Amino acid sequence: MAEPEGWIDCHDPFGRDRSMTVLVENDRVLLVAPPGESAVMSVTQTRRLHRLLDQVADRM
């Protein structure tokens with residue numbers, strides 16, 4: 001079963017608040033976007049996602 005490692009706030013194309021979730025399952029990292037939608041991220045949110053993915057990769 002995938003273990004949650006964190007999430008990053010984002011928006012959908014209509015500006016509604018959403019989040020992307022980062023999960024780890026065995027040796028795989030899963031990015032879960034808002035259901036049926038795209039994730040729109042600012043530069044700051046993109047940097048947060050980058051840091052979170054680096055942290056997860058370092059623990060693997």
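Every chain is numbered on its own, with residues counted from 1 as its sequence reads. Only residues with pLDDT of at least 70 are given local features in this predicted model, and only at 80 or more are side-chain atom pairs given and counted; all residues enter the totals for whole chains, interfaces and linings. The basis for the side-chain values is all heavy atoms of the structure; hydrogens and waters are excluded.

Let's shift gears to the overall build of the protein chain. Secondary structure summary: the protein chain contains 1 helix and 3 strands in total. In terms of overall dimensions, the protein chain has C-alpha extents of about 35 × 25 × 10 Å along its principal axes. Partly exposed describes any residue whose relative accessible area lies between the buried limit of under 20% and the exposed limit of over 50%, with all areas from a 1.4 Å probe on protein chains only and scaled to the type maximum. Out of the 60 residues in the protein chain, the part that is buried amounts to 22%. Here the protein chain has roughly 4,500 Å² of accessible surface; of this, 52% comes from carbon and sulfur atoms. In this tally, Asp and Glu contribute negative charge and Lys and Arg positive charge; neither His nor the terminal groups of the chain are included. For the purpose of locating charges, the reference atoms are NZ of Lys, CZ of Arg, CG of Asp and CD of Glu. Mean positive and mean negative side-chain charge positions of the protein chain (7 and 10 charges, respectively) differ by 6 Å. Helix and strand definitions here come from DSSP, where helices need a minimum of 4 consecutive H or I residues and strands a minimum of 2 consecutive E residues; each element is numbered from the N-terminal end. The accessible surface values rely on the Shrake-Rupley method and a 1.4 Å probe; as for residues, cover is taken only from the protein chains in view.

What follows covers the sheet that holds strand β2 (residues 17-25). Strand pairing follows a simple DSSP-based rule, namely that at least 2 bridges must link the two strands. Read across the open sheet, the 3 strands follow the order β1-β2-β3; overall the sheet is antiparallel. Only two strands of the sheet have a single neighbouring strand rather than two, namely β1 (3-11) and β3 (28-32). Each adjacent strand pair in this sheet contributes to an overall mean axis angle of 20°, direction not counted. Pairs of residues are marked as contacts when any of their non-hydrogen atoms sit within 4.5 Å. Axis definition: a line fit to C-alpha positions, over the contact stretch in the case of helices; interaxial angles, taken between N-to-C directions, run 0 to 180 degrees. Against the sheet, helix α1 (residues 43-59) engages β1, β2 and β3, with an angle of about 170° to β1.

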